[in-house]
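Below are the chains, spelled out letter by letter.
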Amino acid sequence: MNKGFCEKCNNMVEFEIKEIAEKVEIKGREYGYNRLIGYCKNCGEEISSNELNDENLIRIDKAYRSKENIITTEEINKILSKYKIGKKPLSKLLGWGEVTLIRYLNGDVPSKIYSDQLYKILNDEEYMDFLVEKNKDLITDRAYKIVKEAINKQKGNEFKYNTSIESEIEIIAEYIIAKGKEITPLALQKILYYSQGFYKAFFGKFLVEDDCQAWVHGPVYVCIYEKYKEFKSANILIDIDYDIEDIIVDEKRELLDVIIKYFGYYNGKALEKMSHYEVPWINARRGFLPVENSNNIIKKEDIKEYFEKVKNKYDMLNILDIKKYSEDQFKRVIEIN
Ligand SMILES: [Zn+2]
């Protein structure tokens, strides 16, 4: 039901919406569009409504862009996902200011020349490839490899860019750091571990191939440890210049988001303690003193079994049910300490 304030009735009233063909003048040219207007159902007076105003502005913007053949924000987003490139690196490839594309995505209307350039790369992979090669020094090596791989795929080459970009676990770690807030190396390890366990329990596959080790402070994926150890107990800061959300997709992303939400909320120390109550880590630590270093692998089989049990015990039907487990584990941490 549409409700708004009628000046004449001096009250909140229901209104009906009519579409009326109108023209608007922009920079001396006229553009036709169908304007939405609300009318009070009691007295017929015109009602002003923010929602209708917003919708009318969108319609004017559409009419303008369509008549002038100016690219839309949806089409710009299509470019980003087609080439797996971030907004800033794409701006740089085009030789524009770093935030130009961000402004366009926020609604600024590109000039005709800029818009034509964007259409060209949207429709022409060869031209995009040319730009990437010409300006590759302006973007990072990783962004370059990812965009090249996307271009090759678009051109129908199943050929994978032969320098391996990053392993799956590294990309997942970056996603966790980017998506989580204030992630320390210790917390990152635990979030990876819980993601691995619950992904297996819900989707039947392991999230990452890598094994983790049962260190004194809980499960550790060594390659990730090495990569971020310089941050020690501080939050990890990284600069990701590609659109990581286009790379981690579907159920992987959903699961990671859930784990980040329900476990990333706790600090690394709390997460460490949680993992110490769990069978996979305990099994791998057998025969070692609490403070004794060990490189023992936490068996994937143990992880699988344990998290399947958790899933059954908590009657988890949906990944959102993981919340109950994280809360219970945290309660144990507080009660025992
Ligand atoms: Zn009225």
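Residues numbered from 1 in each chain as written. Predicted model: local features only at pLDDT ≥ 70, side-chain atom pairs only at ≥ 80, totals over all residues.

A word on the overall build of the protein. Of the regular secondary structure elements, the protein holds 15 helices and seven strands. Summarising its shape, the C-alpha atoms of the protein cover approximately 80 × 60 × 35 Å along the three principal directions. Nonlocal contacts in the protein, meaning residues at least 24 apart in sequence, comprise 67% of its contacts between residues at least 6 apart. (Helix = DSSP H or I, 4+ residues; strand = E, 2+ residues; numbered from the N terminus. Contact = placed C-beta atoms within 7 Å.)

Domain boundaries assigned for the protein yield domain 1 (3-68), domain 2 (73-154) and domain 3 (168-336). Using only C-alpha atoms to locate each centre, domain 1 and domain 2 end up separated by 35 Å. (Domains from an automatic or database assignment.)

For the rest of this paragraph, the subject is the pairing of strand S1 (residues 3-6). For S1 and strand S2 (residues 11-26), the ladder comprises four bridges, and the chain directions are antiparallel. Bridged to lysine 3 within S2 is glutamate 14. A loop of four residues connects S1 with S2, the two strands running antiparallel in sequence, and asparagine 10 in this loop sits at a positive phi of about 55°. (Pairing = 2+ DSSP bridges.)

Quick look at the sheet that holds S2 now. Taken in spatial order, the four strands make up an open sheet running S1-S2-S3-S4, and their pairing is antiparallel. With partners counted over all chains shown, the strands left at the sheet margins are S1 and strand S4 (46-47), one partner each. Strands in contact with helix H1 (residues 50-68) are S2 and strand S3 (29-40); relative to S3, the strand with the most contacts, it is inclined by about 160°. (Axes fitted to C-alpha atoms, helices over the stretch in contact; angles between N-to-C directions.)

Before going further, it helps to spend a moment on the environment of leucine 237. Residue position: leucine 237 is located in the loop between helix H10 (222-228) and helix H11 (250-262). For leucine 237, a count of 10 C-beta atoms within 10 Å translates into the label exposed. Through-space distance from the C-alpha of leucine 237 to that of glutamate 182 is 8.4 Å; in sequence the pair is 55 residues apart. (Buried ≥ 20, exposed ≤ 12 C-beta atoms within 10 Å, placed from the backbone.)

A separate point is unusual backbone geometry. Notably, lysine 84 is not glycine yet its phi reads approximately 50°, a positive angle. Tracing the backbone through its elements, the reader meets lysine 84 in the loop between helix H2 (73-83) and helix H3 (87-93). Judged by the 19 C-beta atoms lying within 10 Å of it, lysine 84 falls in the partly exposed class. For aspartate 315, which is not glycine, the phi torsion reads 50° and is therefore positive.

Turning next to the sheet that holds strand S6 (residues 218-220). If you trace the three strands from one edge of the open sheet to the other, you get S6-S5-S7, paired in antiparallel fashion. At either end of the open sheet lies a strand with only one pairing partner, and these are S6 and strand S7 (297-298). One ladder, built from three bridges, connects strand S5 (residues 212-215) with S6; its direction is antiparallel. When the sheet's bridge partners are listed, alanine 214 is paired in S6 with proline 219.

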